Amino acid sequence: MHTMKRAIAVMALATPAVLGFVGIAEAQDKFKLGMAVGGNTCCEWMKAQGDVARAIAEQNGWDYVELSNNNDPATALKNAQIFVQEGVDAVIQFNGQPSSNPAISAVMKQANIPIVTYDIADPGMYFVGIDNLGAGIAGGEALGKIIKEKWNCEPDLVISSEGAGAGIVNEWRTGGMRTGVKNICPDIPAEKYVSFEGSGDAAVALQPARDLLAANPNAVKMAVVGINDGGVLGLINAAEQLGRADEVIGWGQDGAFITGDNVNPHLVGSVFYFLEGYAVYAVRDVIKPVADGNTPPLKADAGDPASKVQPCPVTAEQAKSVPDMPERVAQLLAAPAGTTAYDLFCPNKG
Amino acid sequence: MTDTALKSEPADYVLPHHPVRDFLTGSVASIGITFILVLAVGLFWVGPKFVSFGNVSIMGTFLIVPLIVGAFAGFALLSGVVDLSIGSMVGFSSAIFALLLSMGWDPFSAAAVTLAFCLFFGAINAVAIVGFGAEPIAATLGMLVALRGITWVLLGTQGAIFAFNIELFNLVSTQVFGLPLFFLLAIGLTLLAALIVTRTRIGRHVQAVGGDDKAAARAGISVKRVRAGALLLSAFGAGLGGIVFAGQLGSAARATGLGLEFQVYAALMIGGYSILRGGVGNPIGGALGLLAVAGVSNILDLLAISPYYVNIIVGLLLLAAVLLDRLRGGDAFE
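Predicted model only: the values in this text are computed from it and were never measured. (Residues numbered from 1 in each chain as written. Chains lettered and ligands numbered in written order. Predicted model: local features only at pLDDT ≥ 70, side-chain atom pairs only at ≥ 80, totals over all residues.)

1. Re the overall build of chain A
Thought 1: Helices and strands together make up the secondary structure of chain A, namely twelve helices and 14 strands.
Thought 2: For a compact globule of 350 residues, the expected C-alpha radius of gyration is about 20 Å, and chain A comes in at 23 Å, within 12% of that figure.
Thought 3: When its C-alpha atoms are laid out on the principal axes, chain A stretches across 75 × 60 × 35 Å.
Thought 4: Across the 350 residues that make up chain A, the buried fraction comes to 56%. (Helix = DSSP H or I, 4+ residues; strand = E, 2+ residues; numbered from the N terminus. Rg over C-alpha atoms; globule rule 2.2 N^0.38 Å. Buried ≥ 20, exposed ≤ 12 C-beta atoms within 10 Å, placed from the backbone.)

2. So, the domain arrangement of chain A
Reports often express the size of an interface as the amount of accessible area lost when the parts come together.
All names here are of chain A.
Thought 1: Annotation of chain A at the domain level lists domain 1 (32-130 + 275-309 + 324-345) and domain 2 (132-272).
Thought 2: The centre of domain 1, based on its C-alpha atoms, is set 29 Å off from the matching centre of domain 2.
Thought 3: Facing the nine residues of domain 1 at the interface are ten residues of domain 2.
Thought 4: Residues of the side of domain 1 that touches domain 2, tallied by class, amount to seven nonpolar, no polar and two charged. (Domains from an automatic or database assignment. Contact = placed C-beta atoms within 7 Å. Nonpolar A, V, L, I, M, F, W, Y, C, P; charged D, E, K, R; others polar.)

3. Focus: the sheet that holds strand β1 (residues 32-37) of chain A
Residue and element names in this part refer to chain A.
Thought 1: With respect to topology, six strands assemble into an open sheet ordered β2-β1-β3-β4-β5-β13, the strand pairing being parallel. The sheet is open, and its two edges are formed by β2 (63-68) and β13 (307-309), each paired on a single side. Across the sheet, the mean angle separating the axes of adjacent strands is 15° when strand polarity is ignored. (Pairing = 2+ DSSP bridges. Axes fitted to C-alpha atoms, helices over the stretch in contact; angles between N-to-C directions.)

4. Side note on the sheet that holds strand β8 (residues 222-226) of chain A
Residue and element names in this part refer to chain A.
Thought 1: Judged by pairing direction, the sheet is mixed, and its six strands sit side by side in the order β7-β6-β8-β9-β10-β14 without closing on themselves. Each end of this open sheet is capped by a strand with a single partner; those strands are β7 (193-197) and β14 (312-315). Looking at each pair of strands side by side, their axes are set apart by 20° on average, direction ignored.
Thought 2: Bridge analysis of β8 against strand β9 (residues 248-251) gives three bridges, and the strand direction is parallel. Looking at β9, one finds that V224 is bridged to G250.

5. Considering the environment of E317(A)
Thought 1: Inspection of the secondary structure puts E317(A) in helix α10 (residues 316-319).
Thought 2: Separated by 49 residues in the primary sequence, E317(A) and V268(A) have C-alpha atoms spaced 8.0 Å apart.

6. Some thoughts on the nonpolar core
Thought 1: Core analysis: the largest hydrophobic core is formed by 221 residues, its most contacted members being A282(A), I68(B) and V69(B).
Thought 2: A per-element tally of this core places helix α13 (residues 223-249) of chain B first, with 14 residues.
Thought 3: Residues from two domains meet in this core; each of domain 1 (32-130 + 275-309 + 324-345) and domain 2 (132-272) of chain A gives at least three.
Thought 4: Apart from residues lying up to four places away in sequence, A282(A) is in contact with I92(A), V116(A), V128(A), I287(A) and S307(A). (Core = buried A, V, L, I, M, F, W, Y, C linked by C-beta atoms within 7 Å.)

7. Looking at helix α9 (residues 278-291) of chain A
Residue and element names in this part refer to chain A.
Thought 1: By the largest-angle criterion, R284 marks the main kink of α9, which is about 45°.
Thought 2: For α9, the set of buried residues is Y278, A279, V280, Y281, A282, V283, V286, I287 and A291.
Thought 3: Packing partners of the buried residues in α9 comprise β1, α2 (44-59), β3 (90-93), β4 (115-118), β5 (126-130) and β13.
Thought 4: Looking at the residues trailing α9, positive phi occurs at G293, about 85°. (Bend = angle between axes of the 7 residues up to and from the residue.)

8. As for the packing of helix α3 (residues 73-86) of chain A against helix α4 (residues 101-111) of chain A
All names here are of chain A.
Thought 1: Between α3 and α4, the least distance of the axes is 9 Å, while the angle of their chain directions is 10°. Taken together, the axes of α3 and α4 lie roughly parallel to each other. Between α3 and α4, the residues in contact are A76, L77, A80, Q81 and V84 and A103, I104, V107, M108 and A111, respectively.
Thought 2: Class assignment for the residues of the contact of α3 with α4 results in nine nonpolar, one polar and no charged. (Parallel < 35°, antiparallel > 145°, perpendicular 65-115°, else oblique.)

9. Topic: the pairing of β9(A)
Residues and elements named next belong to chain A.
Thought 1: Covered by surrounding structure in β9 are V248 and G250 together with I249 and W251, the residues of both alternating faces.
Thought 2: Taking the sense of rotation as the criterion, the β-α-β connection linking β8, helix α8 (residues 229-241) and β9 turns out right-handed.
Thought 3: One ladder, built from two bridges, connects β9 with strand β10 (residues 267-272); its direction is parallel. The residue bridging G250 from the neighbouring strand is L267, located in β10. (Right-handed = clockwise from strand over helix to strand, strands pointing away.)

10. Overview of helix α15 (residues 283-302) of chain B
Thought 1: End to end, α15(B) covers 28 Å across 20 residues, agreeing with the expected 28 Å (1.5 Å per residue, within 8%).
Thought 2: A positive backbone phi angle near 55° is found at A304(B), which sits one or two residues after α15(B). (Expected span 1.5 Å × (residues − 1).)

11. Some points on the packing of helix α14 (residues 260-270) of chain B against α15(B)
All names here are of chain B.
Thought 1: Direction vectors running N to C along α14 and α15 enclose 115°, while the axes themselves pass 7 Å from each other. When the axis of α14 is compared with that of α15, the two are roughly perpendicular. Once α14 is placed against α15, the crossing between them reads as right-handed. Of the residues in α15, those touching α14 at A267, L268 and I270 are G286, G289, L290, A292 and V293. (Left-handed = near helix turned anticlockwise from the far one by under 90°.)

Below, the structure written as structure tokens:
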């Protein structure tokens, strides 16, 4: 019996090594696009980014492979290796955990596969994304005007819901919003600016936001900025739980929670990026040229991107005229090729 | 009812002994069969691509860290102490290692210092649990939280340390016979651990201490020394895992190692270990548990099915392993 047990164990352990030698060659003639979606359950737009990329790939007659990064850096790297194995010709990714980006770049470079990254730059990847600093300042200035009108530029606190994991993007967006508020209300004392780490996620932000509110029991007039709508909502939700939401106003980034039937009334505005529609930019400026054999020069710097997405600041009132995400996706896919969501939906087009 | 009475009268649900049934429900055989079933399902659903050269290599690459961590943490489980801090230790190790690399240290010196730090924290676990009789779950849960905090401090406001080193990346990505060298080394480590557990006096002492520490002490085995050694090994393995992780990713981040303790222990339990009952399990069973879970995850990846289903399947496998353990009589079977 022991011999049999040992035999089964050895066979099972050795199987991957033995079967690994089975070489599989797959014939491929069509252009194949790989898409790694963010995979964080926080946000509907992460799935929508894949839906739009898939639809555009189909419109172009390309093969399409989609994987989820599961919001995990190791999974993102594993996905890059799967894309190489699948023989894709180009990759688009959103990697919310960008610490694995250098390794992903190395894998893609070795395989000679161009890769587009959304919103978080890496030297080895084509950057497609929002003008984060511009979006931050625009949102901050819009909120500053409300602070000036409502509280005569004398809030008790200006709270930042940080997302430090996003690195420079957090500094641009959240810091940019503080700069925007200061542009309108330059005399708010420095000690009124406080921060907490919300990780850009309403659920994660809830507890640290409660702690911050508990540490500031007398604050009533509170303005909230943050790396995205989710992070800002974390503080608003905490204030509601503590019965202190009456005079909280928040202005988010990304526009993820400013449309639909259940917009929080304390979220007074946001900056639409129309994240679901990034594939239009990526395909137009990088993927299509690659498919046509005209690979463009690598533009990896967020300051000089391969394709820049226009920010669209809106008040909650203005956002009511913007369709919710499923409708936007449907309209975007029905529009002529190359039409961006900004073109279709931004109520304040410059 | 006494313990003796309990042992002599197994519960109604316990299957009666039969050589073939005992064999099939044994920990290594059952996980071995499970693994072969996963392979069969993969071949049926995904096709030959599932066992292709490149795909096995990808699975192997991402099993290196769990295999290393599991092989060492298994000693702690066998000795009757569960070390919940292994995931945080991996994160901490990767952060220290990446920090030292970013300061210009050479990888080998950085690895040595990192492992020394990990052994230091492992020694704190050992002192708390062995020296002061602290409950292992409580003590290592405290270490889990503390190490996570230290890691976040090290990572700073950016939440990550980028230390991409192409030579190190190439080293951990080295392929031998078409498979990752470090994966083969991790399999070798597992086999070595299995050899130690089943064929050496040290291994028998570890199992004896985990099975019944009082009986082991009466037999002249130093229970404290064995458990302290096992906790140090567990910390060392997690440290090693963190170093490999940082080499693979070229960075350390807050997410590094997060939840790894659940991934590893779930797989070890599926493979026949017990979290609360020492003396049970075999490193080969643990490795097969990891391979089976990785296989399931890979099937879902290749079929572009949401990875969240992996958790459901792992949960069901775990439940099946627990039920199987009860059906075969738990302690009595061992």
